2 protein chains.
Amino acid sequence: MIYLDNAATSYPKPPQVIEAVVRCLSEQGANPGRGAYPMALAASRVIFEAREAIAELIGASDAADVVFTLNATDGLNLALKGLLSPGDHAIASAVEHNAVLRPLSALAGRGVAVETARCAHDGTIDLDHLEALIRPNTRLIVTLHASNVLGTLLPAAEIAALAKRHGVLYVLDAAQTAGSISLDVGELGADVVVFSGHKGMLGPMGTGAAWISPRVEVRELRQGGTGGESERTEQPSTRPDRYESGTLNTPGIAGLGAAARFILEQGVAAISEREATLAQRLLAGLVSVPGVTVYGPPPGSPRVPVISINVAGMDAHELAFLLDKEHGIAARSGLHCAPSAHAVAGTLETGALRFGVGFFNTEDEIDCALSAVAAIAEDAGRRIG
Amino acid sequence: MIYLDNAATSYPKPPQVIEAVVRCLSEQGANPGRGAYPMALAASRVIFEAREAIAELIGASDAADVVFTLNATDGLNLALKGLLSPGDHAIASAVEHNAVLRPLSALAGRGVAVETARCAHDGTIDLDHLEALIRPNTRLIVTLHASNVLGTLLPAAEIAALAKRHGVLYVLDAAQTAGSISLDVGELGADVVVFSGHKGMLGPMGTGAAWISPRVEVRELRQGGTGGESERTEQPSTRPDRYESGTLNTPGIAGLGAAARFILEQGVAAISEREATLAQRLLAGLVSVPGVTVYGPPPGSPRVPVISINVAGMDAHELAFLLDKEHGIAARSGLHCAPSAHAVAGTLETGALRFGVGFFNTEDEIDCALSAVAAIAEDAGRRIG
């Protein structure tokens, strides 16, 4: 199998990740923060070290501002519901994932007004339109850092500066960038940055995190036992406890911590460059195959290694089927939980096939994928005459 | 180490659990429900089989009513916030965990009235008082199935019947019973049953589930991508998708599925009996140690294998410290995230030391714990004269 679905989840994981999960399950299996005997302290250390590694990776000066979540969706629900109240106005980009669109749609039913900033066909955001949408009651802007369909990078620092200028908060969905694009929350100026643990972060599914600026007050999504201040029936206000009710996914976080340390060792810049080289190789090949339509930014532009295509005369699902059955290539067809991005690209009706390139892919695998697409497109071309 | 903190999380896990987690991470590492190539289908099968095994274990006729959560706290937040609206009245028992008390406290701030049904010192609930609290606007009763401090079993079936008689919903927190006490959601009559995956269920931390009766409409806690109906920016209403936004904790759920199959093979009755034998042995020994106060139901009564004690002249934390340092026994001191249960038992100021017996404990370990407590209590007795 050639795995090219890294935008859904990265595979394989570094061996250290699986080792850390197994070590946690076998030797550090107590509930962290809820006992003082050695194995409970070992479990607490697992959580502590993972939080520190992630803080280092994203440039957070205080690891207590990094809170663990079930996944990026959980973190985005926390950020949006924890910041928006009835009467508020929120602005999203036109290429958001359902992890943002659906919570916003729920909030719209509770008196939050939501508007969308235009994006071009390739996913580029119209910053003038975004700025023009700001009203006196605008509470926040939320955008993804990179489109999970088009691969387009959004100018997060510019949006953060624009938001700051207008006294508006900025929530950044870094699901497609954390771990593979340099991200310094101290410099960036966003107020909440949310990401998955299992995509570019290379950790296990079931993990995610949110960095919450110490300057902003975000209501918690869940209340419950935190292992601290147990005598109070109100949620504690201390970080990270406030946002981490109930038993944490300790083995998953052990794996995520190992993944963060792996990324720190490799260096985000090196990972970024490696993935960009592979993605640009794939992109340059795809645009030259007759009958193939490639969406998103043109070759040579900065992007994340996500490339969506369609082949003339063929349904995206059929393309995925043939890539799998005849070439052993794992890629994903459909709408990728992001109908808005498909609307922008003009593929809402057809969907698209998405290649998600990862750090562990090789040049050979990219070339195999290119040959496979070329062969399938040639066949399809013959079929439609 | 003698591990007697199974009420916080069970340890060790059956070997099958760790094997299933590793297999998932190594061989089934795609995102389930989000691709059609073989590894994505294998990941979907992991989720499907785990859901089926849990449904079988709890007597759910439709596995789609079983939804995966981050932990029991996540499930209880889902149930309470998904059912209660401003103007509603809710009744909890006097021995609830902070996983219930803190969400209720947050809801109280949003116009939900909350009252507490009395419990006796040993945690037994006063059903007459519970019934007397019901008002025309009472929406639900929430109780735990067994106290995580006192070990007391609450009469869930009787409470469910009482609730039904009054047209009131019943939410059951089965964190301390699922997997080790027979639970048939079909017979029970509760409307939502929530549990952890990592306590009696023997799965990894970071897992939990809620069974939601097909008769009740519960609003979801999170919205986001579900892999299905991607074209809609509103949350789908189909189960289980409605409640499972974002990427699931696939490796954790793989482990939980293996744990559920392990429990089905052993039989819940056999597990229950084994744990009861060990717990009654510990309890019978503890009540006969001079200077030891034992909380909860007396020896011989049905209970879960959770036993809290204090030793005269000694702080509970000191007792935990000595058990660990001098006897290698892992047990937990404090309030166990349940201040109300400690208030009922009269230990809110002092806390208590809790033994949580598990399926993998042995008679020898119980006897070691008894000797250790006896030795420590004797020393303490000498100290205080």
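Keep in mind that what you see is a predicted model, and the values were worked out from it rather than measured. (Residues numbered from 1 in each chain as written. Chains lettered and ligands numbered in written order. Predicted model: local features only at pLDDT ≥ 70, side-chain atom pairs only at ≥ 80, totals over all residues. Heavy atoms only, no water.)

A.B. asks: What am I meant to see in the side chain of B:N249 here?
C.D. replies: By secondary structure assignment, the location of B:N249 is in the loop between β8 (208-212) and α8 (250-266). Note on B:N249: relative accessible area 5%, which makes it buried. A polar contact is formed between the side chain of B:N249 and the backbone nitrogen of B:G252, at a distance of 3.0 Å. If near-sequence neighbours (up to four positions away) are discounted, B:N249 is found in contact with A:M205, A:G206, A:N249, B:G206 and B:T207. (Helix = DSSP H or I, 4+ residues; strand = E, 2+ residues; numbered from the N terminus. Buried < 20%, exposed > 50% of the residue type's maximum accessible area, 1.4 Å probe, protein only. Polar contact = N/O pair within 3.5 Å; in protein donor to acceptor, adjacent residues only side chain to side chain. Contact = heavy atoms within 4.5 Å.)

A.B. asks: Would you explain the interface of chain A and chain B in this entry?
C.D. replies: A common way to express how large an interface is: the accessible area buried when the components associate. The partner chain B presents 72 residues to the 72 residues of chain A that form the contact. When residues of chain A are sorted by the area they lose upon contact with chain B, A:R102, A:M205 and A:Q223 head the list and together hold 14% of the total. Inspection of the chain A/chain B interface yields 2 salt bridges. Salt-bridge contacts for A:R222 lead to B:D74; the nearest nitrogen and oxygen are separated by 3.1 Å. There are 34 residue pairs in polar contact (both at pLDDT 80 or more) connecting chain A and chain B. Listed by contribution, the elements that provide at least two residues to the side of chain A that touches chain B are α1 (15-27), α2 (38-58), α3 (72-83), α4 (98-108) and α8 (250-266) of chain A. In terms of residue class, the side of chain A that touches chain B is made up of 30 nonpolar, 28 polar and 14 charged. (Buried area = accessible area lost by both parts, 1.4 Å probe. Salt bridge = Lys/Arg side-chain N within 4 Å of Asp/Glu carboxyl O. Nonpolar A, V, L, I, M, F, W, Y, C, P; charged D, E, K, R; others polar.)

A.B. asks: Can you walk me through the layout of surface pockets in this structure?
C.D. replies: Left-over empty space is what a probe sized like a water molecule reveals as it rolls over the atoms. For the largest pocket, the calculated volume is near 770 Å³. Around the largest pocket, the lining comprises 28 residues; the ones closest to its centre are A:K81, A:R110, B:K81, B:L107 and B:R110. Among the secondary structure elements, those contributing two or more residues to the lining of the largest pocket are α3 of chain A together with α3 (72-83) and α4 (98-108) of chain B. It is α3(A) that contributes the most residues to the lining of the largest pocket, 4 residues altogether. Residues belonging to the lining of the largest pocket are distributed by class as follows: 11 nonpolar, 6 polar and 11 charged. (1 Å grid on protein atoms, 1.4 Å probe; cavity = no way out; pocket = protein on both sides within 12 Å on 5 of 7 lines; lining within 4 Å. Points joined across faces, edges and corners; volume = space filled by probe spheres on them.)

A.B. asks: Would you mind showing me how to read the environment of A:R383 here?
C.D. replies: Residues and elements named next belong to chain A. Within the secondary structure layout, R383 lies in helix α12 (residues 363-383). A C-alpha to C-alpha distance of 7.9 Å links R383 and G313, two positions 70 residues apart in sequence. Not counting the four nearest positions on each side in its chain, R383 is found in contact with G313, M314 and E318.

A.B. asks: Honestly, the pairing of β8(B) in this entry has me stumped. Any pointers?
C.D. replies: The side chains of a regular strand alternate, residue by residue, between the two faces of the sheet. Residue and element names in this part refer to chain B. With 5 of 5 residues buried, β8 lies mostly within the body of the structure. Judged by which residues are buried, β8 turns out to be covered on both faces: G208, A210 and I212 on one side and A209 and W211 on the other are all buried. Here strand β2 (residues 66-69) pairs with β8 via 4 bridges, running antiparallel. If you follow V66 over to β8, its bridge partner there is W211. The pairing of strand β7 (residues 192-196) with β8 spans 5 bridges and is classified as antiparallel. Looking at β8, one finds that V193 is bridged to W211. (Pairing = 2+ DSSP bridges.)

A.B. asks: Whenever I open this one, the sheet that holds strand β6 (residues 169-173) of chain A confuses me. Can you help?
C.D. replies: The strands making up a sheet associate through backbone hydrogen bonding, with each pair oriented either parallel or antiparallel. Residues and elements named next belong to chain A. Taken in spatial order, the 7 strands of this open sheet run β2-β8-β7-β6-β5-β3-β4, and their pairing is mixed. Of all the strands in the sheet, just β2 (66-69) and β4 (113-117) have a single pairing partner and so form its edges. Neighbour to neighbour, the strand axes of the sheet diverge by 20 degrees on average, direction disregarded. Sitting on the sheet, α3 touches β2, β5 (138-144), β6, β7 (192-196) and β8 (208-212), and the angle it makes with β7 is about 160 degrees. (Axes fitted to C-alpha atoms, helices over the stretch in contact; angles between N-to-C directions.)

A.B. asks: Sorry if this is basic, but what is going on with the packing of aromatic side chains here?
C.D. replies: One pair of aromatic rings is described through two measures. These are the centre distance and the angle between the planes. All names here are of chain B. A complete count under the given rule lists 10 aromatic pairs over all chains for this structure. Look at Y3 and Y11: their rings are 5.4 Å apart centre to centre, the planes differ by 65 degrees, and that puts the pair in the edge-to-face class. This pair shows no difference in class: Y3 is buried, exactly as Y11 is. Between F262 and F359, the aromatic rings sit 6.2 Å apart at their centres with planes inclined by 75 degrees, giving edge-to-face as the arrangement. You can see F262 sitting in helix α8 and its partner F359 sitting in the loop between β13 (352-356) and α12 (363-384), a full 97 residues away along the chain. (Phe/Tyr/Trp six-rings, centres within 6.5 Å; stacked < 30°, edge-to-face > 60°.)

A.B. asks: Sorry, what's going on with the pattern of salt bridges here?
C.D. replies: Where charged atoms from two side chains of opposite charge approach closely, those side chains can pair. Residues and elements named next belong to chain A. Under the criterion given, the structure shown has 34 salt bridges over all chains. E131 is paired through a salt bridge with R165; the nearest N and O atoms lie 3.3 Å apart. With E131 in helix α5 (residues 127-132) and R165 in helix α6 (residues 156-165), this residue pair connects regions lying 34 residues apart in the sequence. Assessed through its relative accessible area of 26%, E131 is described here as partly exposed.

A.B. asks: Would you explain the domain arrangement of chain A in this entry?
C.D. replies: Residue and element names in this part refer to chain A. In terms of domains, chain A is made up of domain 1 (15-266) and domain 2 (269-383). Taking both partners together, domain 1 and domain 2 bury about 2,100 Å²; carbon and sulfur atoms supply 63% of that area. Across the contact surface, domain 1 and domain 2 share 0 salt bridges. Here domain 1 and domain 2 share 10 residue pairs in polar contact (both at pLDDT 80 or more) between them. Counting residues per element, the ones that place at least two in the side of domain 1 that touches domain 2 are α4 and α8. Among the elements that make up the side of domain 1 that touches domain 2, the one with the highest residue count is α8 (3 residues). A per-class count over the side of domain 1 that touches domain 2 returns 12 nonpolar, 13 polar and 2 charged. (Domains from an automatic or database assignment.)

A.B. asks: Help me understand the side chain of A:H129, please; the structure alone is not making it clear to me.
C.D. replies: Considering the arrangement of structural elements, one finds A:H129 in helix α5. In this structure the side chain of A:H129 is engaged in a polar contact, spanning 2.9 Å, whose partner is the backbone nitrogen of A:R118.

A.B. asks: Looking at this structure, I do not really get helix α10 (residues 316-327) of chain A. What am I missing?
C.D. replies: In an α-helix, one turn spans 3.6 residues, which is why side chains three or four residues apart end up on the same side. Taking 1.5 Å per residue, 12 residues should reach 16 Å; α10(A) reaches 16 Å between its end C-alpha atoms and fits that length. Three or more residues of α10(A) are buried, namely A:A316, A:L319, A:A320, A:L322, A:L323 and A:D324. Among the structural elements, β10 (306-311), β11 (329-330), β12 (332-334), β13 (352-356) and α12 of chain A together with α2 (38-58) of chain B are those in contact with the buried residues of α10(A). Where α10(A) begins, the capping side chain belongs to A:D315, and its oxygen is found 2.8 Å from the backbone nitrogen of A:H317. (Expected span 1.5 Å × (residues − 1).)

A.B. asks: Would you mind going over the relation of the copies chain A and chain B with me for this structure?
C.D. replies: To go from the first copy of the chain to the second, apply a rotation about an axis and then a shift along the same axis. Each copy of the sequence occupies a distinct position, and chain A is placed on chain B by a rotation of 180 degrees and an axial shift of 0.0 Å, giving an RMSD of 0.0 Å. With respect to symmetry, the two chain copies, as superposed, fit the operation of a two-fold axis. In terms of proximity to the rotation axis, the leading residue of chain A is A:L70, whose C-alpha is 3.0 Å off the axis. Counting the interface residues of chain A, we find that 100% of their copies in chain B are interface residues as well, pointing to one common contact surface. (Least-squares fit on C-alpha atoms with pLDDT ≥ 70 in both.)

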